[in-house]
Amino acid sequence: MVTLDDVFVVDAVSHAYNQAESNFRVPRYAEQVADIGVGLEDAMPEGYKRTPETFLSDWPVEYTEDVLFRESQTDFSVFHPQSITVFHDGLTSLEKAQAFLERNPTRSAALGSIDAVGLDDPQGELTRQVEEFDPHGVKVYPSYWEESGTHHKFTMDDPEVAFPLWEHVADLGLDVVAVHKAMPFGAVPMDSYEVGDVEEAAASFPDLTFEIVHGGLTFARETGWQIARFPNVYVNLELTLAEAVTTPKTFAETMQDLLYAGGKRAIDKIIWGTGAPHFHPQLLLERFWEFDFPEMESLSGSFTITQADKRKILGENFAEAHGFDLEELEAQTVDDEYSDAELVEEPWSTTGFEVASP
């Protein structure tokens, strides 16, 4: 097992999915989303993949916290409720976010999440969430659906829909806008999952941090130009990190593309996020910490990714992007319920759910 005792690890994306069939609001699209997840889970190595029945369940927040803080060397996590409207509760409910914060006050923060297109008053809903559980940012998506299945695209630079929302985000004192990009939800138009719309939002709202989630999974070179040109644009590696397990050569190429425009300095714009429990966080931590990156090429010359660089990605960059003090976060975890816990060797062993047989 890799030892990361001196590295404070922040997982910038965790969830507690409800992928049970009873939660399918628009079944033909919800099933596509769930099937993509099952396929990715099935690509994990022996011992790290759950049965389809386990994966397609209503996952409790207690299991997410145990996987993060008892089964992995993760120290702190940002919980993301979701507003994927093909699911009745958005896939991860706001109530779960609130419960996660209440159960893990020294180890967690949260974002809000809204249907930016379908709500009559998205700004009002975001205000309600801020009053309810004090998120420090908001998560949005490129696709939203009506119950009939009608699909609506959302772009970050829409002057009539998006920009009033970003103005309200700033007025509320929130710091972060995280946007799902790169991975489409099944049979939906791909164009809104591209990253070009982020630049006008970032340029127009320089005091907000814009975080491209799943950055590099597709459009990696374009995403790299975003983080090289805009000081307030960051990349979150949720889902992209799976490549380190399934296709290591591709992962190296993805990182090369993300860093090509900005070179070594662009490493400061990469944020760790596993999407736990979508993949087991300890598996991704170990693979990343031990990953032997080739010499990276960039416009400014070649460079190497060092352990110090990996330390930045695992926590330091998050603190800069989200406005947290890493030393304060570390201090508040010293005497909590997880501080003396032994790392559980077996993945998923604290959850009571089944692991797939070899």
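What counts, and where the lines are drawn
Residues numbered from 1 in each chain as written. Predicted model: local features only at pLDDT ≥ 70, side-chain atom pairs only at ≥ 80, totals over all residues. Heavy atoms only, no water. Helix = DSSP H or I, 4+ residues; strand = E, 2+ residues; numbered from the N terminus. Rg over C-alpha atoms; globule rule 2.2 N^0.38 Å. Buried < 20%, exposed > 50% of the residue type's maximum accessible area, 1.4 Å probe, protein only. Contact = heavy atoms within 4.5 Å. Areas by Shrake-Rupley, 256 points an atom, 1.4 Å probe, with all protein chains shown as cover. Lys, Arg positive; Asp, Glu negative; His and termini not counted. Charge placed at Lys NZ, Arg CZ, Asp CG, Glu CD. Patch = residues over 30% accessible without salt bridge, like charges linked within 9 Å, V, L, I, M, F, W, Y side chains within 5 Å. Salt bridge = Lys/Arg side-chain N within 4 Å of Asp/Glu carboxyl O. Pairing = 2+ DSSP bridges. Phe/Tyr/Trp six-rings, centres within 6.5 Å; stacked < 30°, edge-to-face > 60°. Lys NZ or Arg CZ within 6 Å of the ring centre and 35° of its normal. Arc of directions from axis to C-beta. Polar contact = N/O pair within 3.5 Å; in protein donor to acceptor, adjacent residues only side chain to side chain. Core = buried A, V, L, I, M, F, W, Y, C linked by side-chain atoms within 4.5 Å.

By the naming in an unreviewed UniProt entry, the protein chain goes by Amidohydrolase and is assigned to Halostagnicola larsenii XH-48.

Colleague: Looking at this model, I keep getting lost on the overall build of the protein chain. Mind explaining?
Modeller: Summing up its helical and strand segments, the protein chain has 13 helices and eleven strands in all. In terms of overall dimensions, the protein chain is globule-like: its C-alpha atoms have a radius of gyration of 19 Å, near the 21 Å expected for 358 residues. Its C-alpha atoms give the protein chain principal-axis dimensions of about 50 × 50 × 40 Å. In the protein chain, which comprises 358 residues, the proportion classed as buried is 59%. Across the protein chain, every contact between residues at least 6 apart in sequence was considered, and the portion connecting residues at least 24 apart equals 78%. Surface exposure of the protein chain reaches about 14,000 Å², of which carbon and sulfur atoms provide 47%. The positive charge centre, built from 22 side chains, and the negative charge centre, built from 67, are 5 Å apart in the protein chain.

Colleague: Explain a negative patch on the surface here, please?
Modeller: On the surface, a cluster of negative charge is made up of Glu95, Glu102, Glu131 and Glu132. By secondary structure assignment, the location of glutamate 102 is in helix α4 (residues 94-103).

Colleague: What should I look at first to understand the sheet that holds strand β5 (residues 137-140) in this one?
Modeller: Sheets are built from strands that pair by backbone hydrogen bonding, the pairs being arranged parallel or antiparallel. The sheet built from six strands is open, its strands ordered β4-β5-β8-β9-β10-β11 with parallel pairing. Since the sheet does not close on itself, it has two edges, and those belong to β4 (112-113) and β11 (270-271), each with one partner. Bridge analysis of β5 against strand β8 (residues 176-180) gives four bridges, and the strand direction is parallel. Considered in β8, the bridge of glycine 137 is made with valine 176.

Colleague: What should I look at first to understand the packing of aromatic side chains in this one?
Modeller: Here a ring pair, both rings aromatic, is described through the centre-centre distance and the interplanar angle of the planes. Scanning all chains against the criterion turns up 22 aromatic pairs. Look at phenylalanine 163 and phenylalanine 205: their rings are 5.2 Å apart centre to centre, the planes differ by 90°, and that puts the pair in the edge-to-face class. Highlighted residues: phenylalanine 163 in helix α6 (residues 162-171) and phenylalanine 205 in the loop between α7 (196-204) and β9 (209-213), separated in sequence by 42 residues. Grouping residues by exposure puts phenylalanine 163 and phenylalanine 205 together as buried. Each residue in the set Tyr29, Tyr141, Trp145, Phe185 and Tyr193 is aromatic and connected to the rest through ring pairs, giving one cluster. Of note, arginine 50 hangs over the ring of tryptophan 59, and the distance from its end group to the ring centre comes to 4.9 Å. The side chain of lysine 310 reaches across the aromatic face of phenylalanine 288, ending 5.9 Å from its centre.

Colleague: Which parts of the structure should I look at to understand unusual backbone geometry?
Modeller: Backbone geometry follows two general trends: most residues other than glycine have a negative phi, and most peptide bonds adopt the trans configuration. Each neighbour pair has its own omega, and for alanine 276 with proline 277 the value is 10°, a cis peptide bond. By the secondary structure assignment, proline 277 is in the loop between β11 and α11 (281-290). In this model, aspartate 134 sits at a positive phi of 55°, which is unusual for a non-glycine residue. Structurally, aspartate 134 can be placed in the loop between α5 (122-133) and β5.

Colleague: How do you make sense of α4 when you look at a structure like this?
Modeller: Think of an α-helix as 3.6 residues a turn; residues three or four steps apart then line up on the same face. Of all the residues in α4, the buried ones are Leu94, Lys96, Ala97, Phe100 and Leu101. Considered in projection along α4, the buried side chains sweep an arc of 160° and stay on one side of the axis. Structural note: α4 exposes Glu95 and Glu102 on the side pointing more than 90 degrees away from its buried face. Considering only its buried residues, α4 is in contact with β1 (10-14), α3 (61-69), β2 (76-79), β3 (108-110), β4 and α5.

Colleague: What am I meant to see in the side chain of glutamine 226 here?
Modeller: Structurally, glutamine 226 can be placed in helix α8 (residues 220-229). Note on glutamine 226: relative accessible area 2%, which makes it buried. Among the polar contacts made by the side chain of glutamine 226, one reaches the main-chain carbonyl oxygen of valine 195 at a distance of 2.7 Å. In this structure, glutamine 226 is in contact with Val195, Gly196, Val198, Glu199, Ile212 and Val233, ignoring residues within four places of it in sequence.

Colleague: How should I be thinking about the pattern of salt bridges in this particular structure?
Modeller: Close approach of charged atoms allows side chains with opposite charge to pair. In this structure the tally under the stated criterion is 16 salt bridges. Residue arginine 50 is joined to glutamate 41 by a salt bridge in which the shortest nitrogen-to-oxygen separation is 2.8 Å. Close ionic contact of lysine 264 with aspartate 309 constitutes a salt bridge, the shortest N to O distance being 2.6 Å. On the criterion of sequence distance, the pair formed by lysine 264 in the loop between α10 (248-260) and β11 and aspartate 309 in helix α12 (residues 307-322) is long-range, its members being 45 residues apart. When its relative accessible area of 5% is taken as the criterion, aspartate 309 is described as buried. Three or more residues joined by partner-sharing salt bridges are found here, namely Asp66, Arg70 and Glu337.

Colleague: What am I meant to see in the nonpolar core here?
Modeller: The tendency in soluble globular proteins is for nonpolar side chains to be buried as a group. Counting 80 residues, the largest nonpolar core has Val140, Met156, Trp166, Phe210 and Met255 as its most contacted members. Among all residues touching tryptophan 166, those that are not within four sequence positions of it are Val140, Phe154, Met156, Val177, Ala201, Phe205, Leu208 and Phe210. With 16 residues, the next largest nonpolar core counts Leu68, Ala97, Leu101 and Trp348 among its residues.

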